[in-house]
Amino acid sequence: MSVVSIFFTALFYISLIIFLVGMARKIYQYWITPAPLKIPTAPTPLTQTGVVMRLAREVVLFESLFKSNKWTWLFGWLFHIGLALVLVRHLRYFWLDDLPEIFLFMQPFKYAAFAMVIGLFGLMGRRIFVERIRYISAPSDYMMLVLLLTIGVSGMIMTFTSNHTDVIMVKEFASGLVTFNWVNLPTEVHFLLHVLMVFVLMVIFPISKLLHVPGIFFSPTRNQVDDSRKKRHISPWALKQEQDHEMKLNQILGQDDSEGK
Ligand code: HEM
Ligand code: HEM
């Protein structure tokens, strides 16, 4: 194997471990963080099914973003839907058997990359030209968009220009990573840049705003049922206090009873 291939293979596993361990730690932290108060935002779902429907609308349609700003919604949604289709198309590199029908159906969707990249340019334009947004944008906000644009544009160079890469070799490299049968990878600069930036994305995922991916499912304003008028809500820590209180009360009442006799 070439030095470059060894370097990229090692880097893949290092990034993957950082991604998996980092995400597991964060999800655990979100999981154990108490949500002591009922704070779902209106219009509130009254049942568990309602919550599932609300979350589905948030994840698939970005419902609350649509209500707050149409331009941000348009570019944000274009980017995310494009990204989702692009990722499904990439399964063909890592899938070991024949791709299931449903994913085969997705393969012609290579133009999804345009939705992704146009969306990213729109989001970048918003940060640069809308004064109110520029004021609250940190360097990391721009870097995130630059990183995703670099991945998107380098991918499009391979798909839509004559600078193709050897996709059979990519398939062997990627499935080799899964089965631990390591082989050389193509060495065109745009392919190496594409993959290197993907590794950077994996590493920063658990320490950046990309945590909105698991975060949305743990957001109390979105995942709570509005049943506070039907059911008494006691947080676990308050439950302990209440049990102690009740025990003490029973003791006192018990003493009073025996004194009365
Ligand atoms: C469950 C899946 C996801 C959902 C529901 C989701 C939803 C959202 C929403 C609602 C925004 C807010 C836009 C705004 O208010 O400014 C956003 C922003 C963003 N998302 Fe996601 N997202 C998901 C997955 C991802 C993934 C996998 C990535 C990248 C790998 C990503 C990258 C970004 C970036 C970079 C922004 C900030 C855009 C900006 O600079 O304005 N998202 N996402
Ligand atoms: C290690 C993981 C990855 C590998 C090995 C890889 C490899 C490739 C290759 C070989 C192409 C060219 C396909 C062709 O010529 O038909 C491509 C295209 C592309 N890649 Fe990736 N990629 C990876 C991850 C990603 C990720 C995470 C993103 C998005 C954030 C992405 C975004 C794109 C885009 C937008 C295109 C062009 C459109 C398309 O062909 O679907 N890639 N990628």
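Residues numbered from 1 in each chain as written. Chains lettered and ligands numbered in written order. Predicted model: local features only at pLDDT ≥ 70, side-chain atom pairs only at ≥ 80, totals over all residues.

**Notes on the site of ligand 2**
Right, on to step 1. Surrounding ligand 2, one finds 23 residues, the nearest of these being A113, G155, M158, T159 and V170.
Right, on to step 2. Within the residue set of the shell around ligand 2, elements represented by two or more residues are α4 (70-94), α6 (112-129), α8 (139-160), α9 (167-179) and α10 (189-204).
Right, on to step 3. A per-element tally of the shell around ligand 2 places α8 first, with seven residues.
Right, on to step 4. Residues belonging to the shell around ligand 2 are distributed by class as follows: 14 nonpolar, seven polar and two charged. (Near = placed C-beta within 6 Å. Helix = DSSP H or I, 4+ residues; strand = E, 2+ residues; numbered from the N terminus. Nonpolar A, V, L, I, M, F, W, Y, C, P; charged D, E, K, R; others polar.)

**Quick notes on the site of ligand 1**
Right, on to step 1. As a structural note, the neighbourhood of ligand 1 is formed by 16 residues, with V59, G76, L123, M144 and V213 the closest of them.
Right, on to step 2. Going through the elements one at a time, α4, α6, α8 and α11 (212-218) are the ones with two or more residues in the shell around ligand 1.
Right, on to step 3. If one sorts the elements of the shell around ligand 1 by residue count, α8 sits on top with four residues.
Right, on to step 4. In the shell around ligand 1, the residues fall into ten nonpolar, four polar and two charged.

**Concerning unusual backbone geometry**
Right, on to step 1. For the bond running from A42 to P43, omega is -5°, close enough to zero to count as cis.
Right, on to step 2. Locating P43 in the fold gives a position in the loop between α1 (3-32) and α2 (48-61).
Right, on to step 3. Within the chain, F62 stands out as a residue other than glycine whose phi angle is a positive 55°.
Right, on to step 4. If you trace the backbone, F62 turns up in the loop between α2 and α3 (63-68).
Right, on to step 5. Within the chain, F180 stands out as a residue other than glycine whose phi angle is a positive 65°.
Right, on to step 6. Among the structural elements, F180 can be located in the loop between α9 and α10.

**Remarks on the environment of K70**
Right, on to step 1. Structurally, the position occupied by K70 is in helix α4.
Right, on to step 2. Residue classification places K70 among the exposed residues on the basis of 10 C-beta atoms within 10 Å.
Right, on to step 3. Residues K70 and Y30, spaced 40 residues apart in sequence, show a C-alpha to C-alpha distance of 30 Å. (Buried ≥ 20, exposed ≤ 12 C-beta atoms within 10 Å, placed from the backbone.)

**Quick notes on the domain arrangement of the protein chain**
Right, on to step 1. Partitioning the protein chain into structural domains gives domain 1 (3-230) and domain 2 (233-261).
Right, on to step 2. On a C-alpha basis, the centres of domain 1 and domain 2 stand 51 Å from each other.
Right, on to step 3. A breakdown of the residues in the side of domain 1 that touches domain 2 according to their chemical character gives two nonpolar, one polar and one charged. (Domains from an automatic or database assignment.)

**Describing the nonpolar core**
Right, on to step 1. F79, V86, A112, A113, M116, L120 and L123 are the most contacted members of the largest nonpolar core, which has 15 residues in total.
Right, on to step 2. Of all the secondary structure elements, the ones that give two or more residues to this core are α4, α6 and α8.
Right, on to step 3. In terms of residue count, α6 provides more of this core than any other element does, seven residues in total.
Right, on to step 4. Not counting the four nearest positions on each side in its chain, L123 is found in contact with F75, G76, F79 and L145. (Core = buried A, V, L, I, M, F, W, Y, C linked by C-beta atoms within 7 Å. Contact = placed C-beta atoms within 7 Å.)

**Here's the deal with α6**
Right, on to step 1. The end-to-end C-alpha distance of α6, which contains 18 residues, comes to 26 Å, matching closely the 26 Å that a straight helix rising 1.5 Å per residue would cover.
Right, on to step 2. If you check which residues of α6 are buried, you get A112, A113, A115, M116, V117, G119, L120 and L123. (Expected span 1.5 Å × (residues − 1).)

**Digging into the packing of α6 against α8**
Right, on to step 1. Packing of α6 against α8 brings their axes to within 10 Å, and their N-to-C directions diverge by 150°. As summarised for this structure, α6 and α8 are arranged roughly antiparallel, according to the angle between their axes. Two packed elements cross with a definite hand, and for α6 against α8 that hand is left-handed. Across the interface between the two elements, A113, M116, V117, L120, L123, M124 and R127 from α6 touch D141, Y142, L145, L148, L149, G152, V153, G155, M156 and T159 from α8.
Right, on to step 2. Within the contact of α6 with α8, the residues separate by chemical class into twelve nonpolar, three polar and two charged. (Axes fitted to C-alpha atoms, helices over the stretch in contact; angles between N-to-C directions. Parallel < 35°, antiparallel > 145°, perpendicular 65-115°, else oblique. Left-handed = near helix turned anticlockwise from the far one by under 90°.)

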